[in-house]
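Listed here are the chains, written in short residue letters.
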Amino acid sequence: MAKDRKSVKRYFLQKIQNLVHDQSALLFGKKRLFVVCLSLVLFFLCVCGRSAAETYDLSTPAGLTEWVTHYYEHKDTASVVTAIREMFRQGAFDEQDAQAAFAAGFLSMVFARNPDKIDAWFEELEDLTLAQKRYLWIALNFSKSPAGQQTLEKIREKSEPGPAQFIGELLAQAYLDILETPIDNTGALEVCWGSFFAGGDERYIVKIIGTLSGLSQPYNGELGIQDPRAIAESARVNLMYDAVRHPRILEICKREMELQPQEVREALAEIVAKAGQENKVE
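Residues numbered from 1 in each chain as written. Predicted model: local features only at pLDDT ≥ 70, side-chain atom pairs only at ≥ 80, totals over all residues. Heavy atoms only, no water.

Draft legend 1. Fine view of the overall build of the chain. The secondary structure content of the chain amounts to 17 helices and zero strands. The 282 residues of the chain split such that 55% are buried. Within the chain, counting contacts between residues at least 6 apart in sequence, those at least 24 apart form 71% of the total. As displayed, the chain offers around 12900 Å² of accessible surface, 52% of which is attributable to carbon and sulfur atoms. (Helix = DSSP H or I, 4+ residues; strand = E, 2+ residues; numbered from the N terminus. Buried < 20%, exposed > 50% of the residue type's maximum accessible area, 1.4 Å probe, protein only. Contact = heavy atoms within 4.5 Å. Areas by Shrake-Rupley, 256 points an atom, 1.4 Å probe, with all protein chains shown as cover.)

If you want it as structure tokens, here you go:
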């Protein structure tokens, strides 16, 4: 159905766009924090033998970034509430763009994989501002977790008319499965990245890899982030960066070199070679 296949970014941001007086616009910016964390990232990657809470200092942009992008490995559910608070405190909700889509994928997957913890997490976060709660409600609804839907229903029942209507509109949204939806903008890519880092499901990386076929197409500037070339280039850059730092992503890229069409295999060969060179240097 057309409604089910609409832009992921528009699906996730359409409720936020009306909150012009709210202090922020949804969630985590791994690209935004990249420059800040680059000088510190090696420290966090080299620390081992300790719990996630000890390894990652969530009070710093570098630590928070590393905690998020390695969540699928440590699954530190005990720090989820702290991490969410730090995301707000550090201004990670300030950009209304693909960063919000990354958050949609990440938090929705964390919620979906921990249905027994959702109620407790949201009770702990009850003191957040209404604007902040709205962003979390959107992420929770995006997961389409039965437990999450029940939590939203309970919150709606005890909310004032305005927030209750907002939640009701969220609950009425049609389910959107990113794995079954064409990636037609870079925001959709970020949903896949966020979903992978939260759960480690390789299908999201395979979905991202599939967009590399757009590298063989001419760029159409009028389409902007919806141009296949722009989408493919975003995927290529991020795969090259993350394949160095995540052995699981590198393994998937190597395997897909045998399965993807020629134009995609060529891009993957470059990514794998680059990762090999950087790993030797390190």
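Draft legend 2. Focus on helix α13 (residues 186-199). End to end, α13 covers 20 Å across 14 residues, agreeing with the expected 20 Å (1.5 Å per residue, within 8%). Of all 14 residues in α13, 14 are buried, a share of seventy percent or more. Capping of α13 at its N-terminal end is provided by Asn 185; its side-chain oxygen lies 2.9 Å from the backbone amide nitrogen of Gly 187. (Expected span 1.5 Å × (residues − 1). Polar contact = N/O pair within 3.5 Å; in protein donor to acceptor, adjacent residues only side chain to side chain.)

Draft legend 3. A look at the environment of Phe 197. Assignment of secondary structure puts Phe 197 in helix α13. Overall, the relative accessible area of 0% leaves Phe 197 in the buried class. Each C-alpha atom, one on Phe 197 and one on Tyr 72, is 5.3 Å from the other, the two residues being 125 residues apart in sequence.

Draft legend 4. Quick peek at the packing of helix α14 (residues 202-210) against helix α16 (residues 247-256). It is the contact of α14 with α16, at a shortest axis distance of 10 Å, that shows an interaxial angle of 55°. By the angle between their directions, the pair α14 and α16 is classed as oblique. In this structure, α14 crosses over α16, and the sense of that crossing is right-handed. In this structure, α14 uses Glu 202, Ile 205, Val 206 and Ile 209 to contact α16, whose residues at the interface are Arg 248, Ile 249, Ile 252, Cys 253, Arg 255 and Glu 256. Residue composition of the contact of α14 with α16, by class: six nonpolar, no polar and four charged. (Axes fitted to C-alpha atoms, helices over the stretch in contact; angles between N-to-C directions. Parallel < 35°, antiparallel > 145°, perpendicular 65-115°, else oblique. Left-handed = near helix turned anticlockwise from the far one by under 90°. Nonpolar A, V, L, I, M, F, W, Y, C, P; charged D, E, K, R; others polar.)

Draft legend 5. Spatial organisation of the side chain of Asn 238. Here Asn 238 shows up in helix α15 (residues 228-245). Among the polar contacts made by the side chain of Asn 238, one reaches the main-chain carbonyl oxygen of Ser 234 at a distance of 2.8 Å.

Draft legend 6. Region of the structure containing the environment of Asp 242. Take Asp 242: it is sitting in helix α15. Note: C-alpha distance between Asp 242 and Thr 69 (173 residues apart in sequence) is 9.5 Å.

Draft legend 7. Summary view of the pattern of salt bridges. Scanning the model with the defined rule gives twelve salt bridges in all. Between Arg 255 and Glu 202 there is a salt bridge; the shortest N-O distance is 2.8 Å. Placement of Arg 255 in helix α16 and of Glu 202 in helix α14 is noted, with a sequence separation of 53 residues between them. Glu 256 is the partner of Arg 255 in a salt bridge, and the nearest nitrogen-oxygen pair spans 2.9 Å. Arg 255 sits in the partly exposed class, given a relative accessible area of 34%. One salt-bridge network, in which partners are shared between bridges, spans Glu 202, Arg 248, Arg 255 and Glu 256. (Salt bridge = Lys/Arg side-chain N within 4 Å of Asp/Glu carboxyl O.)

Draft legend 8. Expanded view of the nonpolar core. Formed by 76 residues in total, the largest nonpolar core has its most connected members in Trp 67, Phe 106, Ile 205, Ile 209, Leu 212, Leu 239 and Ile 249. Residue contacts for Leu 239: discarding those within four places in its chain leaves Trp 193, Ile 205, Ile 208, Ile 209, Leu 212, Ile 249, Cys 253 and Ile 271. (Core = buried A, V, L, I, M, F, W, Y, C linked by side-chain atoms within 4.5 Å.)

Draft legend 9. Structural context of the confidence of the model for the chain. Residues of the chain with pLDDT of at least 70 account for 78%, and the chain-wide mean is 81. Within the chain, the lowest mean pLDDT, 34, falls on helix α2 (residues 34-38), and the highest, 98, falls on α14. Contacts for the low-pLDDT stretch residues 1-51, under 50 throughout, to residues beyond four places or in other chains number 128 contacts. (pLDDT = per-residue confidence, 0-100.)

Draft legend 10. Highlighting the packing of aromatic side chains. Per the counting criterion, the structure on display carries twelve aromatic pairs. Ring geometry for Tyr 72 and Phe 197: centres 6.4 Å apart, planes at 35°, overall tilted. In this pair, Tyr 72 is assigned in helix α6 (residues 71-74) and Phe 197 in helix α13, connecting sequence segments 125 residues apart. Exposure remark for Tyr 72: the relative accessible area of 7% places this residue in the buried category. Ring geometry for Phe 111 and Trp 121: centres 6.2 Å apart, planes at 50°, overall tilted. Linking Phe 111 in helix α8 (residues 98-112) with Trp 121 in helix α9 (residues 118-124), this pair joins segments that are ten residues apart in sequence. Joined through ring pairs, the aromatic side chains of Tyr 72, Phe 102, Trp 193, Phe 196 and Phe 197 make up one cluster. Across the ring face of Phe 166, the terminal group of Arg 134 is positioned such that the distance to the ring centre comes to 5.3 Å. (Phe/Tyr/Trp six-rings, centres within 6.5 Å; stacked < 30°, edge-to-face > 60°. Lys NZ or Arg CZ within 6 Å of the ring centre and 35° of its normal.)

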